Amino acid sequence: MKKIMIIGGDGFCGWPTALHLSQMGNDVTIVDNLSRRSIDEELGANSLTPIQSMETRLTAWKEATGKTIAFEKIDVAVEYDRFEALLDQQKPDTVIHFGEQRAAPYSMKGATEKRFTVDNNIGATHNLLAAVTSLGIDPHIVHLGTMGVYGYDDDGMEIPEGYLKVYIPGDEKQIYQRDILYPTNPGSVYHMTKSMDQLLFQFYAKNDRLRITDLHQGIVWGTQTDETKLDDRLMNRFDYDGDYGTVLNRFLMQSAVGHPLTVHGTGGQTRAFIHIQDTVKCLALAVMNPPERTGKVKILNQMTETHTVRNLAELVAKASGATIANVDNPRNEAAENGLRVSNKTFISLGLKPITLAEGLLEETQQIAQRFADRCRMDMIPCVSTWTDNQAPGVVQLD
Ligand code: NAD
């Protein structure tokens, strides 16, 4: 049994991860400032699924399983002293860090949201690293990064896991070799913060010999996991609004309410995906397999399949009979790209992925159709744009 602190454990990925790790017999504490719920209020948005207060969620978990999860409401980016004191008191074996502002469109809305995203995400990550080193404790830190830091090229190269070996020609037929982080190419302020997180981790792994796993995750789809299905009060959130809804969940909801599936331009962008059930399994595998103290970050790609947006829309349209509408792209990105990604570590650790073909129907019927009457149609368009002189579009990807 491990003592595990989960920062951001009220969120879409954090909540089902907390339940899964608790179900496995670990001692779990959630730390969250509930800012994701406040942003819903700010945007006038809601989760398609009815989500309960943290208090009700934890009571329901206790009733369903007899297990206890602790909760501390702390802003990790701002309340440094309270956070450090909690780490000191708990001395966790593992800290999982989900606690960041994660919507690319929200991070591009304006100066306020750009500054908040940078202050919150960099502040939270650095406060964790500074507190751990200042206390001299030794948790394994597991962070959720994103595939989006890699950027999207179209030359067929497989995106590797871990550091990159590069060879640099010198003056006199000499070749120098360096191990470097994959050169990032972020596509939004949010992705930029994830790129900056990587440097913070690289420094603390090298300087303070911290053990850190950075999971470069694809776009998460699906809603429920084995544990969230145990009781309706444990249900996970399902974002469908223009800022936070990820592309597949948005298509599913659009099909359920009879809205055309809104595809950016030609929909030729290829992206990496993973089902939420596989996210929680990957987190458990990462927790159980901490890295050695090598001075380097363990970097893994956490995704299971790639699809073009066009292909996704066609799959959902076929399953539901929805129509497809091609709309202007609010993002500053290539209209078409390929994507090949190595995910060999999780597969070698035994992950057996849920494919889109298997999970799509259940998700459509049990979530999108069941809660279609809670959908606010006015929240569907994405009104955030990447540059100031752009007209608002209507779709976002992750
Ligand atoms: P989410 O917004 O649903 O959850 C994040 C949680 O962190 C929220 O509950 C929020 O209240 C909390 N939080 C934010 N800032 C905090 C702070 N300063 N102090 C304490 N708590 C704070 O997001 P998610 O979809 O669950 O994503 C979790 C992580 O996974 C993020 O870091 C995100 O970048 C990464 N990720 C998500 C996806 C995806 O498709 N959802 C894909 C790739 C990577």
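Remember, it's a predicted structure, so these values are computed and weren't measured experimentally.

### Considerations on helix α7 (residues 189-207)
The terminal C-alpha atoms of α7, which comprises 19 residues, lie 27 Å apart, in line with the 27 Å expected from a rise of 1.5 Å per residue. Residues Val189, Tyr190, His191, Thr193, Lys194, Ser195, Asp197, Gln198, Leu200, Phe201, Tyr204 and Ala205 constitute the buried set of α7. Tucked inside the fold, the buried residues of α7 contact α5 (104-107), α6 (111-135), β5 (140-146), β9 (212-217) and β13 (298-302). Sitting at the amino-terminal end of α7 is Ser188, which places a side-chain oxygen 3.3 Å from the backbone nitrogen of Tyr190. Arg209, located one to two residues past α7, shows a positive phi value of around 60°.

### As for the packing of helix α8 (residues 247-256) against helix α10 (residues 309-320)
Packing of α8 against α10 leaves a shortest axis separation of 10 Å and a crossing angle of 30°. Taken as axis vectors, α8 and α10 run roughly parallel relative to one another. The crossing of α8 and α10 is right-handed. Residues Val247, Leu248, Phe251, Leu252 and Ser255 of α8 pack against Val309, Leu312, Ala313, Val316 and Ser320 of α10.

### Description of the pattern of salt bridges
By the definition in use, this model includes 20 salt bridges. Here Arg37 ties to Asp10 by a salt bridge, and the two come within 2.6 Å at their closest N and O atoms. You can see Arg37 sitting in helix α2 (residues 35-43) and its partner Asp10 sitting in the loop between β1 (3-7) and α1 (14-23), a full 27 residues away along the chain. With respect to burial, Arg37 and Asp10 carry one shared label: buried. Its salt-bridge partner being Asp138, residue Arg211 comes within 3.5 Å of it at the nearest N-O pair. Here the residue Arg211 occupies a position in the loop between α7 and β9, and Asp138 occupies one in the loop between α6 and β5, the gap between them amounting to 73 residues. Exposure remark for Asp138: the relative accessible area of 35% places this residue in the partly exposed category. Three or more residues joined by partner-sharing salt bridges are found here, namely Arg36, Asp40, Arg102, Arg237 and Asp239.

### Some details on the confidence of the model for the protein chain
Within the protein chain, residue pLDDT values average 92, and 95% of them lie at 70 or more. Contacts of residues 391-397 to residues separated by more than four positions or lying in other chains number 40 contacts, the stretch itself having pLDDT below 50.

### Examining the pairing of strand β4 (residues 94-97)
What you see with β4 is no split at all: Thr94 and Ile96 on one side and Val95 and His97 on the other are buried throughout. Judged from the four bridges that link them, β1 and β4 form a sheet pairing that is parallel. Counterpart to Ile6 in the pairing with β4 is Ile96. Two strands pair when backbone bridges link them, and β4 and β5 are joined in this way by four bridges, in the parallel orientation. From the neighbouring strand, Thr94 faces β5, where its bridge partner is His140.

### Quick look at the nonpolar core
The biggest cluster of nonpolar side chains holds 39 residues, and the ones touching the most others in it are Phe83, Leu87, Leu128, Leu129 and Ile212. When residues in this core are grouped by element, the largest group, seven residues, is from α6. Excluding anything up to four places from it in sequence, Phe83 contacts Met5, Ile7, Ile74, Val76, Asn127 and Leu128. Formed by 33 residues, the second largest nonpolar core is a distinct cluster that contains Leu144, Cys282, Ala284 and Leu285.

Thresholds applied
- Residue positions are counted from 1 within each chain, in the order its sequence is given.
- Reporting of local features is limited, given that this is a predicted model, to residues whose pLDDT is at least 70; pairs of side-chain atoms are given and counted only at 80 or more, and all residues count toward the totals for whole chains, interfaces and linings.
- Where side-chain values are given, they derive from all heavy atoms of the structure, hydrogens and water being excluded.
- Put simply, DSSP H or I for four residues or longer makes a helix, DSSP E for two residues or longer makes a strand, and each gets a number counted from the N terminus.
- Expected span, for any helix, means 1.5 Å times one less than how many residues it has.
- Burial classes follow relative accessibility: with a 1.4 Å probe on protein chains only, a residue under 20% of its type's maximum area counts as buried, one over 50% as exposed, and anything between as partly exposed.
- Two residues form a contact once any of their heavy atoms are found within 4.5 Å.
- N or O atoms within 3.5 Å of each other form a polar contact, as long as, within protein, one can give a hydrogen and the other can take it, and as long as residues adjacent in sequence are counted only when both atoms are side-chain atoms.
- Axis lines are fitted to C-alpha atoms, over the contacting stretch for helices. Their N-to-C directions set the angle, which ranges from 0 to 180 degrees.
- In this scheme, roughly parallel covers angles under 35 degrees and roughly antiparallel covers those over 145, while 65 to 115 is roughly perpendicular and the rest are oblique.
- Take the far helix as your reference; a near helix turned counterclockwise from it by less than a right angle gives a left-handed crossing, and one turned clockwise gives a right-handed crossing.
- Each salt bridge in this description consists of a side-chain nitrogen of Lys or Arg and a carboxyl oxygen of Asp or Glu lying within 4 Å of one another.
- For every residue, the predictor states its confidence as a pLDDT score lying anywhere from 0 to 100.
- Pairing between strands is defined by DSSP: at least two bridges between the two strands are required.
- In plain words, nonpolar cores are sets of buried Ala, Val, Leu, Ile, Met, Phe, Trp, Tyr and Cys residues tied together by side-chain atoms within 4.5 Å.

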